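Chain residues, written in single-letter form:
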Amino acid sequence: MSTHSTHVSQLIRPEKDTFLHEENPYEAMMSRFDVAAEKLGLDPGLYKILRHPEKELTVAVPIQRDNGDIEVYTGYRVLHNTSRGPGKGGIRFDLNVTLDEVRALAAWMTWKCAVVNIPFGGAKGGVICEPTTMSTGELERLTRRYTAAIIDLLGPDSDVPAPDVNTNERVMAWIMDTYSMHKRHTVTAVVTGKPVEMGGSLGRREATGRGCMMVTREALRKLGLPIVGARVVVQGFGNVGSVTANLLAREGARVLAVSDKSAAIYNPAGLDIEDALKWVREHRYLDGYPRAERITNEELLALECEVLVPAALENVITSRNAGSVRARIICEGANGPTTANADRILEEKGVFVIPDILANAGGVTVSYFEWVLDRGGYFWDEENVNDRLGKIMVRAFEEVATMAQRHEVSMRQAAYMLAIERVAAVHRLRGLYA
Ligand code: GLU
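Since the model is a prediction, treat every value here as computed from it, not as a measurement.

Trainee: How would you explain the overall build of the chain if you had to name every residue and give the values?
Mentor: Across its full length, the chain holds 16 helices and 12 strands. Sorting the 434 residues of the chain into buried and exposed places 59% on the buried side. Considering only contacts in the chain between residues 6 or more positions apart, those separated by 24 or more positions represent 70%. Accessible area of the chain: about 17,800 Å², with a carbon and sulfur share of 50%. A gap of 3 Å separates the mean positions of the 51 positive and 56 negative side-chain charges of the chain.

What follows is the structure, encoded as structure tokens:
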């Protein structure tokens, strides 16, 4: 990996290319990576290595539906980079899963683990399916068959999945069981985000939302804005959005609006998040919630507020609607909610963006604790988990903010630069195996 005459900028494709693919998540990831690599003056050889995922597996996942028919689903698992440790990253079940999306999400995991400085590489998996139309039995068969299909990649020292969109503790329990049956002994550390009864960590379920709350608190402090009374808008009311909203409300913030795929609800006096959560437990979706007005998703994203938390899916804030955002801070609970073209608009408007690879890193951080605890067979109480999570999130926030200041770049560029620097440092130390 010696430095030679080629400069990274000569390897980067023209910008118009990324504009055409604004909503391709892999392009979204790569265009940020390219900017950071150039600013860092990254060695061209390392640039090429980090641009290519290490391993990509596409598998057919045949299962028997409850009516007796055989259906074949497509599944992926991508290991982007494992130089710092085992591959780490969730598995999502969703109709919109594509190989490009899984690739991007795997790379984001590499950068995310490096930003919070935990000893993992980046991986991601997905199965193209519509889980809401599947029975529990069908989901179990799908999970087990998919696990068996990718089992050669998995292992506590090689690749450790976790929950992501439409997967949860129960799915993790099936993965752990399937893997353990193949290994002929119980291997808890092969997945994280498991039920607490079987090697999961206390605090893991809330960890992503808690991390979002913690970095939002830091950002507010940095901008000199009080958290008490801060107006918060949350898009997405799943595991990440609902916990972030709830914890920010407990800190004294006023949550004006939240949404899920059924509805966006708004109350200028502040929503009672516990009450909305109770409604969702009883009715599954926010739709019909009586103690708020209905607004559209576009209206929600354009509400005047101190903190906007996109905590649903990719490509929510794009070049089309970034101009109407009226938030001081965006805390990216989801992976890839803002496109690269939207970044430019938000930067011009002076919106302080806490990028996904920092903002939502609380989940994988407590996954790291879970993996450590499983391997030691000794567990921490929730307070200990949350305290340690807080130390890591605050430190990562400060490191990214320092990088941003030093290089006069946005928090996003700084987070990428910090992450790439850390991964590149390990590559330099390890050298190139030949
Ligand atoms: N799916 C989560 C993420 O995108 C968690 C990954 C993990 O805990 O490994 O960060």
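Resuming the write-up.
Trainee: So what's going on with the side chain of Thr143? Residues and values would help.
Mentor: Secondary-structure assignment places Thr143 in helix α6 (residues 136–149). With a relative accessible area of 0%, Thr143 lands in the buried category. Among all residues touching Thr143, those that are not within four sequence positions of it are Phe93, Val171, Trp174 and Ile175.

Trainee: Break down the site of the ligand for me, citing the residues and quoting the values.
Mentor: Contacts to the ligand come from 14 residues, most closely from Lys88, Lys112, Pro163, Asp164 and Ser367. Lys88 places a side-chain nitrogen or oxygen 2.8 Å from an oxygen atom of the ligand. Within the side chain of Lys112, a nitrogen or oxygen atom sits 2.6 Å from an oxygen atom of the ligand. Alone, the ligand offers 290 Å² of accessible surface; in the complex the protein occludes 94% of this. At the level of secondary structure, the elements contributing two or more residues to the shell around the ligand comprise β3 (87–93), α5 (99–115), β5 (159–163) and α14 (362–376). In the shell around the ligand, the residues fall into 4 nonpolar, 5 polar and 5 charged.

Trainee: Report on the confidence of the model for the chain, specifying residues and quantitative values.
Mentor: Chain-level pLDDT for the chain is 95 on average; 96% of the residues reach the 70-or-more range. Segment residues 14–20: pLDDT under 50, and 5 contacts once partners within four positions in sequence are set aside and those in other chains are kept.

Trainee: Run through the environment of Gly155, naming residues and quoting values.
Mentor: In this fold, Gly155 is placed in the loop between α6 and β5. The exposure class assigned to Gly155 is buried, which follows from its relative accessible area of 3%. For the pair Gly155 and Ala253, spaced 98 residues apart in sequence, the C-alpha to C-alpha distance is 41 Å. The residues touching Gly155, leaving out its near neighbours within four places in the chain, are Val160, Tyr179 and Val190.

Trainee: Any details on the pairing of strand β4 (residues 121–127)? Residues and values, ideally.
Mentor: A large share of β4 lies buried, amounting to 7 of its 7 residues. Burial along β4 is two-sided: Gly121, Ala123, Gly125 and Val127 facing one way and Gly122, Lys124 and Gly126 facing the other are all buried. When β3 meets β4, the two strands line up parallel, connected through 5 bridges. The partner of Gly87 across the bridge, within β4, is Gly121. Crossover handedness for the path β3 to α5 to β4: right-handed.

Trainee: Summarise the packing of aromatic side chains; cite the residues concerned and give the values.
Mentor: Taken as a whole and assessed by the stated rule, the structure comprises 9 aromatic pairs. For the ring pair Phe120 and Tyr368, a centre distance of 5.9 Å and an interplane angle of 90 degrees mean the geometry is edge-to-face. Here the residue Phe120 occupies a position in the loop between α5 and β4, and Tyr368 occupies one in helix α14, the gap between them amounting to 248 residues. With a relative accessible area of 0%, Phe120 lands in the buried category.

Trainee: Hey, could you go over the nonpolar core for me, with residue numbers and the actual values?
Mentor: Among the nonpolar cores identified, the biggest contains 91 residues, and Met29, Trp111 and Val258 are the most heavily contacted of them. Contact partners of Val258, with chain neighbours within four places excluded, come to Val234, Phe237, Ala245, Ala263, Ala264, Ile265, Leu271, Ile273, Leu286 and Leu300. Counting 24 residues, the second-largest nonpolar core is a separate cluster that includes Met134, Tyr146, Ile175 and Tyr179.

Trainee: So, the sheet that holds strand β9 (residues 293–295): which residues are in play, and what are the values?
Mentor: Sheets are built from strands paired through backbone hydrogen bonds, the pairs being either parallel or antiparallel. Across the sheet, which stays open at both edges, the 7 strands sit in the order β9-β8-β7-β6-β10-β11-β12 with mixed pairing between neighbours. Of all strands in the sheet, those bounded by a partner on one side alone are β9 and β12 (352–354). If you compare each strand with its neighbour and ignore which way they point, the axes differ by 30 degrees on average. Two elements, strand β10 (residues 304–310) and strand β11 (residues 326–331), share 4 bridges in a ladder whose sense is parallel. Opposite Val307, over in β11, you have Ile329 as the bridge partner.

Trainee: Break down a negative patch on the surface for me, with residues and values.
Mentor: Together, Asp381, Glu382, Glu383 and Asp387 give the surface a local cluster of negative charge. Residue placement: Asp381 occurs in the loop between α14 and α15 (382–407).

Trainee: Residues and numbers for the pairing of β3, please.
Mentor: The element β3 is largely enclosed, with a buried count of 7 among its 7 residues. Bridge count between β3 and β5: 5 bridges; the pairing is parallel. Pairing of Gly89 across the sheet is with Pro161, part of β5.

Trainee: For the side chain of Asn335, give the residues involved together with the corresponding values.
Mentor: Among the secondary structure elements, Asn335 is positioned in the loop between β11 and α12 (340–349). Of the residues examined, Asn335 reaches a relative accessible area of 10% and is grouped as buried. Looking at Asn335, its side chain comes within polar contact range of the side chain of Asn360, at 3.0 Å. Residues contacting Asn335, with those up to four places away along its chain left out, are Arg92, Leu105, Trp108, Lys112, Lys124, Asp164, Leu313, Glu314, Asp356 and Asn360.

Trainee: Please provide a residue-by-residue account of the pattern of salt bridges, values included.
Mentor: Taken as a whole and assessed by the stated rule, the structure comprises 31 salt bridges. Across the pair Arg221 and Glu218 runs a salt bridge, and its minimum N-O distance is 3.2 Å. Taken together, the positions of Arg221 and Glu218, both in helix α8 (residues 204–222) and 3 residues apart, correspond to about one turn of that helix. Using a relative accessible area of 55% as the deciding quantity, one classes Arg221 as exposed. Through salt bridges that share partners, Arg32, Glu332, Asp343, Asp356 and Arg412 make up one connected network.

Reading the values: rules and limits
- Residues numbered from 1 in each chain as written.
- Predicted model: local features only at pLDDT ≥ 70, side-chain atom pairs only at ≥ 80, totals over all residues.
- Heavy atoms only, no water.
- Helix = DSSP H or I, 4+ residues; strand = E, 2+ residues; numbered from the N terminus.
- Buried < 20%, exposed > 50% of the residue type's maximum accessible area, 1.4 Å probe, protein only.
- Contact = heavy atoms within 4.5 Å.
- Areas by Shrake-Rupley, 256 points an atom, 1.4 Å probe, with all protein chains shown as cover.
- Lys, Arg positive; Asp, Glu negative; His and termini not counted.
- Charge placed at Lys NZ, Arg CZ, Asp CG, Glu CD.
- Near = heavy atom within 4 Å.
- Polar contact = N/O pair within 3.5 Å; in protein donor to acceptor, adjacent residues only side chain to side chain.
- Nonpolar A, V, L, I, M, F, W, Y, C, P; charged D, E, K, R; others polar.
- pLDDT = per-residue confidence, 0-100.
- Pairing = 2+ DSSP bridges.
- Right-handed = clockwise from strand over helix to strand, strands pointing away.
- Phe/Tyr/Trp six-rings, centres within 6.5 Å; stacked < 30°, edge-to-face > 60°.
- Core = buried A, V, L, I, M, F, W, Y, C linked by side-chain atoms within 4.5 Å.
- Axes fitted to C-alpha atoms, helices over the stretch in contact; angles between N-to-C directions.
- Patch = residues over 30% accessible without salt bridge, like charges linked within 9 Å, V, L, I, M, F, W, Y side chains within 5 Å.
- Salt bridge = Lys/Arg side-chain N within 4 Å of Asp/Glu carboxyl O.

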